Amino acid sequence: MNSQYIRHEVRGCETSDLRNFWEKTIEQQTRYLQIEKERQKRSALTKLRNEWMERLEKRIKMLRTQPEDPSK
């Protein structure tokens, strides 16, 4: 289970304790998001998608510029 979606049980306590709890939780989520962004930047998936898009665009362009076969 993703730790981002864990329910936190907070019982009656002082305001400073509650504030510290939520600040810590927000810091953890922020750190998780930063790590995830860095992981996605290192991923080869974006590069592969761009390469495939270029190949497809070239193929479409080539098909459009080819003259039609009159023998058909």
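Please refer to the structure placed before this passage.
As the structure is a prediction and not an experimental result, all values here were calculated from the model.

1. Regarding the overall build of the chain
- Along the backbone of the chain there are 2 helices and 0 strands.
- Residues classed as buried in the chain amount to 1% of the 72 residues present.
- Split by element, the accessible area of the chain, about 7,700 Å² in all, is 52% carbon and sulfur.

2. With respect to the pattern of salt bridges
- Summed over the entire model, instances satisfying the criterion amount to 2 salt bridges.
- Put simply, Arg 19 and Glu 23 hold a salt bridge, and the shortest N to O gap is 3.0 Å. Placement of both Arg 19 and Glu 23 in helix H1 (residues 15-42) is noted, with a separation of 4 residues, approximately one turn of the helix.
- Linking Glu 36 and Arg 39 is a salt bridge whose minimum nitrogen-to-oxygen distance equals 2.6 Å. Within this pair, Glu 36 and its partner Arg 39 are both found in helix H1, separated by 3 residues, close to a single helical turn.
- You can call Glu 36 partly exposed: its relative accessible area is 23%.
- Classification of Arg 39 as partly exposed rests on a relative accessible area of 43%.

3. Looking at the side chain of Thr 25
- Along the chain, the position of Thr 25 falls in helix H1.
- The exposure class assigned to Thr 25 is buried, which follows from its relative accessible area of 6%.
- A distance of 2.9 Å separates a polar side-chain atom of Thr 25 from the backbone oxygen of Phe 21.

4. As for a nonpolar patch on the surface
- On the surface, Leu 48, Trp 52, Met 53 and Leu 56 cluster together to form a nonpolar patch covering roughly 420 Å² of accessible area.
- Relative accessible area serves as the criterion here: at 46%, Met 53 is assigned to the partly exposed category.

What counts and how
- Residues numbered from 1 in each chain as written.
- Predicted model: local features only at pLDDT ≥ 70, side-chain atom pairs only at ≥ 80, totals over all residues.
- Heavy atoms only, no water.
- Helix = DSSP H or I, 4+ residues; strand = E, 2+ residues; numbered from the N terminus.
- Buried < 20%, exposed > 50% of the residue type's maximum accessible area, 1.4 Å probe, protein only.
- Areas by Shrake-Rupley, 256 points an atom, 1.4 Å probe, with all protein chains shown as cover.
- Salt bridge = Lys/Arg side-chain N within 4 Å of Asp/Glu carboxyl O.
- Polar contact = N/O pair within 3.5 Å; in protein donor to acceptor, adjacent residues only side chain to side chain.
- Patch = residues over 30% accessible without salt bridge, like charges linked within 9 Å, V, L, I, M, F, W, Y side chains within 5 Å.

Treat this as a map of the structure, not an account of what it does.
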